[in-house]
Amino acid sequence: MANPPRKPEIIMQDVDGVILRTAHWPAPAGSTGAPLLFFNGIGANIELTLGLGAMFPDREILTFDVPGVGLSPVTQWPYRHWMAARWARKLLDLYGILDVDVMGVSWGGALAQQFAFQYRGRVNKLVLCATSSGMTMIPGRPASLSRMVDTRRYTDPEFMRENFATLYGDMADDSAGTHIENLMPPDPKGYIYQLLAFAGWSSLPFIRFLKMPTLIVMGDKDTIVPLVNGQILAWALPDSRLHVVEDAGHLFIVTRAPETASVINAFLEGADAKASKAA
């Protein structure tokens, strides 16, 4: 009989007066891998990360809803990536976690780069999925970007199913259906604050300082963050390799979860021969 999926403990944590809804998967008995710090995409709540326990069954995992997302209260004022990175570092301290592997998806990939820069002494390996260098990115299709700002993608499941392929470049299969069902509308102000945090931000001024081994995973059909953005990251990062998930869009971590998990786990465990350094 298969083991039941690991479920996280979800609690509210106070970080310098900012309340963050936090999910923590304790390390399984006998675990030898480094803990994994995960940063999610824009407007994405903790419920969308519950598959991490199955993707990384042998690791301690920590993630959180940024303010205004999920059930984390929105902050009174806008914040920047360096502030969110500091919140994450303080959460690690609360859980007694020192060194980590860091993984970020889309908007969270930018935050992962910021965290890796601010606290590079605590980061072993870095995984960047469907993300870019920030405002210097090559934009996606206008049709996809226009649907990104349509709030119906959080409140109307049928709208999401009908527009899933246009929005993300992935097919709306069973895994996408689970993703749609777990969506929780963000606070409008919180969503704007996430957009503002990204505005004007770029990792290119500091990216050469990120010397930890880095895996970049991109979908070749991504209509939001085109593949060329991953190629730019792979060119700019000192120790990086690029893996392209073929015939996959922006949400390959959901629609192609087993394949994606295999590639990332191989990299984190050191057997990352499948990933190739971009030219």
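**Focus on the confidence of the model for the protein chain**
- With 81% of its residues at a pLDDT of 70 or more, the protein chain has an overall mean of 87.
- This stretch, residues 272–279, has a pLDDT under 50; its non-local contacts, to residues over four places away or in other chains, come to 16 contacts.

**A word on the pattern of salt bridges**
- Under the defined criterion, the tally for this structure stands at nine salt bridges.
- Of the charged contacts in the structure, one is a salt bridge between Arg21 and Glu47, with a shortest N-O distance of 2.4 Å. Here Glu47 lies in the loop between β3 (36–39) and α1 (52–55) and Arg21 lies in strand β2 (residues 18–25), a separation of 26 residues in the sequence. Each member of the pair, Arg21 together with Glu47, is buried.
- Here Asp247 and Lys221 are joined by a salt bridge, their closest N and O atoms 3.8 Å apart. Here Asp247, found in the loop between β8 (240–245) and α10 (252–255), pairs with Lys221, found in the loop between β7 (214–219) and α9 (227–236); they are 26 residues apart in sequence, far enough to count as distant.
- Given a relative accessible area of 56%, Asp247 falls into the exposed group.

**Observations regarding the pairing of β2**
- Within β2, seven of the eight residues are buried, which leaves the element mostly enclosed by the surrounding structure.
- When strand β1 (residues 9–15) meets β2, the two strands line up antiparallel, connected through seven bridges. Counted as the bridge partner of Asp14 is Ile19 from β2.
- Taking the residues between adjacent antiparallel strands as the criterion, β1 and β2 are bridged by two residues, where Asp16 takes a positive phi near 55 degrees.
- When β2 meets strand β4 (residues 61–64), the two strands line up antiparallel, connected through four bridges. Each residue of the ladder has a partner; that of Ala23, found in β4, is Thr63.

**Things to note about the side chain of His81**
- Structurally, His81 can be placed in helix α2 (residues 81–94).
- Setting aside anything within four residues of it in sequence, one finds His81 in contact with Trp107, Ala110, Leu111, Gln114, Gln118, Ala197, Phe198 and Trp201.

**A look at the sheet that holds β2**
- Strand order in this open sheet of eight strands is β1-β2-β4-β3-β5-β6-β7-β8, and the pairing throughout is mixed. Edge strands, defined here as strands with exactly one partner in the open sheet, are β1 and β8. Put simply, the sheet's adjacent strands are angled 20 degrees from each other on average, direction ignored.
- In this fold α2 packs onto β1, β2, β3, β4 and β5 (100–105), with an angle of close to 115 degrees to the strand it touches most, β1.
- Those strands touched by helix α11 (residues 257–268) are β5, β6 (123–129), β7 and β8, and its axis lies near 155 degrees from that of β6.

Criteria and thresholds
Residues numbered from 1 in each chain as written. Predicted model: local features only at pLDDT ≥ 70, side-chain atom pairs only at ≥ 80, totals over all residues. Heavy atoms only, no water. pLDDT = per-residue confidence, 0-100. Contact = heavy atoms within 4.5 Å. Salt bridge = Lys/Arg side-chain N within 4 Å of Asp/Glu carboxyl O. Helix = DSSP H or I, 4+ residues; strand = E, 2+ residues; numbered from the N terminus. Buried < 20%, exposed > 50% of the residue type's maximum accessible area, 1.4 Å probe, protein only. Pairing = 2+ DSSP bridges. Axes fitted to C-alpha atoms, helices over the stretch in contact; angles between N-to-C directions.

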